[in-house]
Amino acid sequence: MSTFLRTVEFLSLSLWLGSDVFLSFVVAPGAFRILGSRDQAGAMVGYGLWWMHMIGVVCGIVLLLVRLLRTRAVSSLVAPAALCVVLMVLLTVLSQHAVSPRMAALRVQMGSIQATGADNRVLAQFSRWHRISVSLEIGVLLAGIVGMYLMVKELGAGK
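Sequence positions are assigned chain by chain, starting from 1 and proceeding in written order. Only residues with pLDDT of at least 70 are given local features in this predicted model, and only at 80 or more are side-chain atom pairs given and counted; all residues enter the totals for whole chains, interfaces and linings. Neither water nor hydrogens contribute to the side-chain values; these are computed over all heavy atoms in the structure.

On to the nonpolar core, then. Among buried residues, the Ala, Val, Leu, Ile, Met, Phe, Trp, Tyr and Cys ones that are joined through side-chain atoms within 4.5 Å form a nonpolar core. Buried, partly exposed and exposed residues are distinguished by accessible area as a fraction of the type maximum, computed with a 1.4 Å probe on protein chains only: under 20%, between the cut-offs, and over 50%, respectively. Core analysis: the largest hydrophobic core is formed by 30 residues, its most contacted members being Leu13, Met88 and Phe126. Contacts were defined at the residue level, with two residues in contact if any of their heavy atoms lie within 4.5 Å. Setting aside residues no more than four positions away along its own chain, methionine 88 makes contact with Leu13, Trp16, Leu17, Val140, Ala143 and Gly144.

Here it is in structure tokens:
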């Protein structure tokens, strides 16, 4: 049973990391390269980002619950690998519920990002929030990579 539960932990983190990498390095660049306008591409990436966030939070919660079930110790939730997952969840929730709504509101104010002049104040605010969003996603990705490394290290240590 322990091997199965550990597999679910690794699968949860792998799915989350894989979805983040796929959206960031395949879907987003492809949308901006292929779709007819920046507005369409942004809508497509925003849609994918919402789903990635939801899937990520579910994967994080599953990982932590399965870890608790496997170890039968609440202290396992403060192990470095688990703390990386907690950080990933927090950064994702912050991005989804604080940053994304601000970006969406600014997008509505502009009407069209593509048609908005580069010197527009609202576009400058949007760009600032976009940089924050990207920084949060980078944080999630880095925390996930470190978390995966630490989970593998735990496996070697027999924890």
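The next subject is the side chain of serine 76. Under the scheme used here, helices are H or I runs from DSSP no shorter than 4 residues and strands are E runs no shorter than 2 residues, and both carry numbers assigned from the N terminus. Looking at the secondary structure, you find serine 76 in the loop between helix H2 (38-71) and helix H3 (80-110). Leave out the neighbours within four places in its chain, and serine 76 touches Arg67, Leu68, Thr71 and Ala82.

With that settled, the discussion passes to the state of the cysteines. Throughout, disulfides are identified as pairs of cysteine sulfur atoms within 2.5 Å of each other. Tallying each qualifying case throughout the model produces zero disulfides. Left unpaired, cysteine 59 is separated from the closest cysteine sulfur, that of cysteine 84, by 16 Å. Note on cysteine 59: relative accessible area 11%, which makes it buried.

This part covers H3. What a helix should span is 1.5 Å times the count of its residues minus one. Its 31 residues place the ends of H3 43 Å apart at the C-alpha level, agreeing with the 45 Å of an ideal helix rising 1.5 Å per residue. Of all the bends in H3, the largest measures some 35 degrees and sits at valine 99, one to four residues before the proline proline 101. Positive backbone phi, at 80 degrees, marks glycine 111, one or two positions downstream of H3. To get the bend at any residue, fit one axis to the seven residues that end at it and another to the seven that begin at it, then take the angle between the two axes.

Looking now at the pattern of salt bridges. We count a salt bridge whenever a side-chain nitrogen from Lys or Arg sits within 4 Å of a carboxyl oxygen from Asp or Glu. Applying the stated criterion across every chain, the model contains three salt bridges. For arginine 67, the salt bridge identified is with glutamate 9, shortest N-O distance 3.3 Å. Taken as a pair, arginine 67 in helix H2 and glutamate 9 in helix H1 (residues 2-34) lie far apart in primary sequence, 58 residues in all. Each member of the pair arginine 67 and glutamate 9 is classed as buried. Between arginine 70 and glutamate 9 there is a salt bridge; the shortest N-O distance is 2.4 Å. Of this pair, arginine 70 sits in helix H2 while glutamate 9 sits in helix H1, placing them 61 residues apart in sequence. In terms of burial, arginine 70 and glutamate 9 fall into one category: buried. A single salt-bridge network, built from bridges that share partners, covers Glu9, Arg67, Arg70 and Glu154.

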